[in-house]
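# Observations on the three-dimensional arrangement
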Amino acid sequence: DAGITQSPRHKVTETGTPVTLRCHQTENHRYMYWYRQDPGHGLRLIHYSYGVKDTDKGEVSDGYSVSRSKTEDFLLTLESATSSQTSVYFCAITGAMNTEAFFGQGTRLTVV
Amino acid sequence: QQPVQSPQAVILREGEDAVINCSSSKALYSVHWYRQKHGEAPVFLMILLKGGEQKGHEKISASFNEKKQQSSLYLTASQLSYSGTYFCGTEWSMNRDDKIIFGKGTRLHILP
C-alpha cells in the first residue's frame, strides 16, 4: 500500500471555527490533491499541488486554503467552517502526470 | 468541468456484463478508472493514455476513443466483488500543473 495518511480521520467542529486537515505521504510523490466527496457529486477537486509551494485551485476552492512547505505534507484549512463544508475529504498523490493516483483513507468532517 | 458518467447506477445479477461510460467536453490526454467500496477509499483499476491501446486485467477492461473524447469500462461475467462505485478521472494534458478531475460516479450493485 502507498504510504499516505490523513489526520484526523473524524472531526466534529462548530460553525465559524478554523479547521486544518493534514495529508502526509512517504512516497516522495510530486503531486498531491484534496477532494471532497458528497452524495450525488462524486469527487470534486478542492486544491492541488504540483510541487513544494506550488499549488492551484480546483473546482470548489471557495472557503478553503492549502499549504505545502514540504514534499510530504499537504495541509487543507477551512478558515471559518460552515455547515456546507460537512463532507468526506480525500487526499490523493501521484508520482507524475497521467499515472496512478493513491488515496488516503479519508477524513469525515462534520460542521455543526 | 467534471466528465459525465453514465449510467448513474446499474443493478446486475452475478455473471452478467456491464458497461460504464465516461465522456468529456474537452480533449483528453488520459482517462483513469477507480472503484470505491462503501466506507473505503477509491482504488485504482487502470489508466488509458492518448494513443494507447485498450487495456484490461482479468474480466475488467476499458477503451479510450480520443475522437469522441470518451472512455468505456467493461465488466464481463460480473462477480459479487465488483459491487461498488466506479469513477473515471480525466487529465487533459501532460503539463506539470495539470490535475485529475473525476466524474460523479456510477453505482454498481451485483445480486447473487
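Rules used in this analysis
Sequence order as written defines residue numbering, which begins from 1 separately in each chain. Key to labels: chains lettered from A, ligands numbered from 1, both in the order written. Given that this is a predicted model, residues contribute local features only at a pLDDT of at least 70 and side-chain atom pairs are listed and counted only at 80 or more, while totals for whole chains, interfaces and linings are drawn from all residues. Side-chain metrics rest on all non-hydrogen atoms present in the structure, leaving aside hydrogens and water. In this text, helices come from DSSP runs of H or I with a minimum length of four residues, and strands from runs of E with a minimum of two, each type numbered from the N-terminal end. Radius of gyration: over C-alpha atoms. The globule rule applied is 2.2 Å multiplied by the number of residues raised to the 0.38 power. Relative accessible area decides the class of each residue, using a 1.4 Å probe on protein chains only: under 20% of the type maximum gives buried, over 50% gives exposed, and in between gives partly exposed. Only heavy atoms enter the contact rule, under which two residues are in contact if any of them lie within 4.5 Å. The convention is simple: Lys and Arg are positive, Asp and Glu are negative, and His and the chain ends are not counted. Charge positions come from single atoms, namely NZ of Lys, CZ of Arg, CG of Asp or CD of Glu. Salt bridges are counted wherever a side-chain nitrogen of Lys or Arg sits within 4 Å of a carboxyl oxygen of Asp or Glu. The quantity reported as buried area is the accessible area (1.4 Å probe) lost by two parts once they are put together, taken as the sum for both. Contacts described as polar in this section are N or O atom pairs within 3.5 Å, which, within protein, must combine one atom able to donate a hydrogen with one able to accept it, while residues neighboring in sequence count only if both atoms come from side chains. Residues are grouped as follows: nonpolar covers Ala, Val, Leu, Ile, Met, Phe, Trp, Tyr, Cys and Pro; charged covers Asp, Glu, Lys and Arg; every other residue, Gly included, is treated as polar. Two strands make a pair as long as DSSP finds a minimum of two bridges between them. Helix axes are fitted only over the stretch in contact, all axes being lines through C-alpha atoms; the angle between N-to-C directions runs from 0 to 180 degrees.

### Concerning the overall build of chain A
Broken down by element type, chain A carries zero helices and 11 strands. Helices and strands appear in chain A in the N-to-C order β-β-β-β-β-β-β-β-β-β-β. Relative to the 2.2 N^0.38 estimate, which gives 13 Å for 112 residues, the radius of gyration of chain A is 13 Å and therefore close to what a compact globule would have. For chain A, the spread of C-alpha atoms along the three principal axes comes to 35 × 25 × 25 Å. A total of 112 residues make up chain A; the buried ones form 49% of that total. Expressed as a percentage of contacts within chain A between residues at least 6 apart in sequence, the contacts between residues at least 24 apart total 55%. Of note, chain A has its 11 positive side-chain charges centred 3 Å away from the centre of its 12 negative side-chain charges.

### Let's talk about the pattern of salt bridges
Residues and elements named next belong to chain A. This model, assessed by the stated rule, comprises four salt bridges over all chains. Between D73 and R22 there is a salt bridge whose closest N-O contact spans 3.1 Å. Of this pair, D73 sits in strand 8 (residues 73-78) while R22 sits in strand 3 (residues 19-25), and the two are 51 residues apart along the sequence. Residue R36 is joined to D38 by a salt bridge in which the shortest nitrogen-to-oxygen separation is 2.8 Å. Sharing partners across several salt bridges, the network here consists of R22, K70 and D73.

### Focus on the interface of chain B and chain A
On the chain A side, the residues contacting the 26 residues of chain B number 25 residues. Overall, the association of chain B and chain A removes approximately 2100 Å² of surface from exposure, summing both partners, and the carbon and sulfur fraction of that is 56%. Counting across the interface, chain B meets chain A through zero salt bridges. The interface formed by chain B and chain A holds six residue pairs in polar contact (both at pLDDT 80 or more) in total. Listing elements by their share of the side of chain B that touches chain A, those giving two or more residues are strand 4 (30-36), strand 5 (43-49), strand 9 (84-91) and strand 10 (101-102) of chain B. For the side of chain B that touches chain A, the element with the most residues is strand 4 of chain B, which contributes four residues. Within the side of chain B that touches chain A, the residues separate by chemical class into 12 nonpolar, seven polar and seven charged.

### Examining the sheet that holds strand 7 (residues 64-70) of chain A
Residue and element names in this part refer to chain A. With antiparallel pairing, the four strands of this open sheet are ordered in space as 1-3-8-7. With one partner strand each, in any of the chains shown, strand 1 (4-7) and strand 7 form the two edges of the open sheet. Between one strand axis and the next, the sheet turns by 15° as a mean value, whatever way the strands run. In this sheet, strand 8 lies alongside strand 7 in antiparallel orientation, the contact comprising five bridges. Residue pairing for strand 8: K70 is matched across the bridge by D73.

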